[in-house]
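One letter stands for each residue in the lines below.
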Amino acid sequence: MGKLKVYYGWARIGGVRKKRALSVMFENEMLGCRSERGQRCLRTIQDTVFERYQTDEEMSDGKRQNRIFTEYSLFLDEKPINGSLERCLLINREADRNNVSKAMRERISDALRKSFMLSNPGYKEPCKQLSLNFE
């Protein structure tokens, strides 16, 4: 069996979704996800920016699911992000820390940032009082 993919993108806002969100979609099985119907479903849910292959650990989690996709969302306008694009990307990088190399995490963040800025040209990072980054 081949490798399953992870799709990073921004959630499409419409009749069902009302909030801006970073959307991470994990494939749970290849046949349904890679079919035309599966890809059409993915396009209605999110604007995909970046794709990568899942690690063996991520694939084993997907085997226990009964859906073709599993989605994880980070809502931009809710706590703890509070409208901060950089905070949203930082949380996503930290979530991928155990499965993805640092260089790949940076590529994902850069692609997501570039896509967000193209679709939101007037965006400005909200003011924050204090920020500590420990690495």
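It should be noted that the structure appears before, not after, this text.
What counts and what doesn't
- Residues numbered from 1 in each chain as written.
- Predicted model: local features only at pLDDT ≥ 70, side-chain atom pairs only at ≥ 80, totals over all residues.
- Heavy atoms only, no water.
- Phe/Tyr/Trp six-rings, centres within 6.5 Å; stacked < 30°, edge-to-face > 60°.
- Helix = DSSP H or I, 4+ residues; strand = E, 2+ residues; numbered from the N terminus.
- Buried < 20%, exposed > 50% of the residue type's maximum accessible area, 1.4 Å probe, protein only.
- Salt bridge = Lys/Arg side-chain N within 4 Å of Asp/Glu carboxyl O.

Let's hear about the packing of aromatic side chains: which residues, and what values?
Counted under the stated rule, the structure contains 5 aromatic pairs. Judged by centre distance (6.4 Å) and plane angle (65 degrees), the rings of tyrosine 8 and phenylalanine 50 are edge-to-face. Here the residue tyrosine 8 occupies a position in strand β1 (residues 5–11), and phenylalanine 50 occupies one in strand β3 (residues 46–53), the gap between them amounting to 42 residues. This pair shows no difference in class: tyrosine 8 is buried, exactly as phenylalanine 50 is. Geometrically, the ring pair formed by tryptophan 10 and phenylalanine 116 is tilted, given 5.0 Å between the ring centres and 50 degrees between the ring planes. Here the residue tryptophan 10 occupies a position in strand β1, and phenylalanine 116 occupies one in helix α5 (residues 102–119), the gap between them amounting to 106 residues. Given a relative accessible area of 8%, tryptophan 10 falls into the buried group. Taken together through their ring pairs, the aromatic side chains of Trp10, Phe116 and Tyr123 make up a single cluster.

Which residues make up the pattern of salt bridges, and what values go with them?
When the charged atoms of two side chains lie near each other, side chains of opposite charge can form a pair. Tallied over the full model, the rule gives 14 salt bridges. Aspartate 77 is the partner of arginine 20 in a salt bridge, and the nearest nitrogen-oxygen pair spans 2.8 Å. Of the two residues, arginine 20 is situated in the loop between β1 and β2 (21–27) and aspartate 77 in the loop between β4 (69–75) and α4 (85–95); the sequence distance between them amounts to 57 residues. For arginine 20, a relative accessible area of 26% gives the class partly exposed. In this structure, the salt-bridge partner of arginine 93 is glutamate 106, at a minimum N-O distance of 3.8 Å. A residue pair is termed long-range when its members are at least 10 positions apart, and arginine 93 in helix α4 and glutamate 106 in helix α5 qualify at 13 residues. By sharing partners, the salt bridges in this structure join Arg52, Glu58 and Asp96 into a single network.

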